[in-house]
Amino acid sequence: MKLREPMPELSGATDWLNGEVTKEDLIGTIPTLIHFWSISCHLCKEAMPQVNEFRDKYEGKLNVVAVHMPRSEDDLNMEEIKKVAAEHGITQPIYVDSEHNLTNRFENQYVPAYYVFDKEGKLRHFQAGGSGMKMLEKRVNRVLDELEKAE
């Protein structure tokens, strides 16, 4: 995905955990962070406490959606996905992408990967890898600041 491209539709999930959301639910009021992760990804698990902290810190100001992107056959086990999500405190909606529908729409190849969309649903920041949460927070704050100035 290129910067300023619109958020893809959130259709085609194998399953949803913690509630289902649509693109329409996310666009129009506040920015959105969509993060890709996988149960077999060590870096994803290491970063999850920071993602959760982020989610809680910006509650009401930022939508957060997790996307489980399998990297192997072992990652397709729904019970394991549910177990790891619970163990790591992932309470935001989780789009389970066992057929890579959303992964392909995002043209995403990485876990963890983070996509920040402004309130209009335009991509404003992308980053991949386990580090760089400070940069992610800077980008989210920039989008939030723009929102406050516009009001």
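Overview of the structure. (Residues numbered from 1 in each chain as written. Predicted model: local features only at pLDDT ≥ 70, side-chain atom pairs only at ≥ 80, totals over all residues. Heavy atoms only, no water.)

### Considerations on the pairing of strand 6 (residues 123–128)
Bridging between strand 5 (residues 113–117) and strand 6 involves 5 bridges; their strand directions are antiparallel. Within the sheet, the bridge partner assigned to Ala-113 lies in strand 6 and is Ala-128. The antiparallel hairpin formed by strand 5 and strand 6 contains 5 residues in its connecting segment, where Gly-121 sits at a positive phi of about 85 degrees. (Pairing = 2+ DSSP bridges. Helix = DSSP H or I, 4+ residues; strand = E, 2+ residues; numbered from the N terminus.)

### Some remarks on the nonpolar core
In terms of nonpolar packing, the biggest core is built from 47 residues, with Ile-34, Phe-36 and Trp-37 touching the most fellow members. Those residues within four positions of Phe-36 in sequence are excluded, and the remaining contacts are Val-67, Met-69, Leu-102, Thr-103, Phe-106, Asn-108, Tyr-110, Val-111, Pro-112, Ala-113 and Tyr-115. (Core = buried A, V, L, I, M, F, W, Y, C linked by side-chain atoms within 4.5 Å. Buried < 20%, exposed > 50% of the residue type's maximum accessible area, 1.4 Å probe, protein only. Contact = heavy atoms within 4.5 Å.)

### A word on the packing of helix 2 (residues 42–57) against helix 5 (residues 133–150)
At a minimum axis distance of 11 Å, the contact between helix 2 and helix 5 shows a crossing angle of 20 degrees. On the basis of the axis angle, helix 2 is roughly parallel to helix 5. In this structure, the crossing between helix 2 and helix 5 has a hand that is right-handed. Every residue of helix 5 that contacts helix 2 at Gln-50, Val-51, Phe-54 and Lys-57 is listed here: Met-133, Leu-136, Glu-137 and Val-140. Partitioning the contact of helix 2 with helix 5 into residue classes produces 5 nonpolar, 1 polar and 2 charged. (Axes fitted to C-alpha atoms, helices over the stretch in contact; angles between N-to-C directions. Parallel < 35°, antiparallel > 145°, perpendicular 65-115°, else oblique. Left-handed = near helix turned anticlockwise from the far one by under 90°. Nonpolar A, V, L, I, M, F, W, Y, C, P; charged D, E, K, R; others polar.)

### Overview of the packing of aromatic side chains
The description of an aromatic ring pair rests on the distance of the ring centres and on the angle between the ring planes. Per the stated rule, a full pass over the model turns up 8 aromatic pairs. Note on Trp-16 and Tyr-95: the rings are 5.2 Å apart at their centroids and 80 degrees apart in plane angle, and the pair reads as edge-to-face. Residue Trp-16 is located in strand 1 (residues 15–17), and its partner Tyr-95 is located in strand 4 (residues 94–96); the two are separated by 79 residues in the primary sequence. Look at Tyr-110 and Phe-126: their rings are 6.4 Å apart centre to centre, the planes differ by 40 degrees, and that puts the pair in the tilted class. Here Tyr-110, found in the loop between helix 4 (101–106) and strand 5, pairs with Phe-126, found in strand 6; they are 16 residues apart in sequence, far enough to count as distant. Members of the aromatic cluster, connected to one another through ring pairs, are Phe-36, Phe-106, Tyr-110, Tyr-115, Phe-117 and Phe-126. (Phe/Tyr/Trp six-rings, centres within 6.5 Å; stacked < 30°, edge-to-face > 60°.)

Function-wise, these values are silent; they only describe arrangement.
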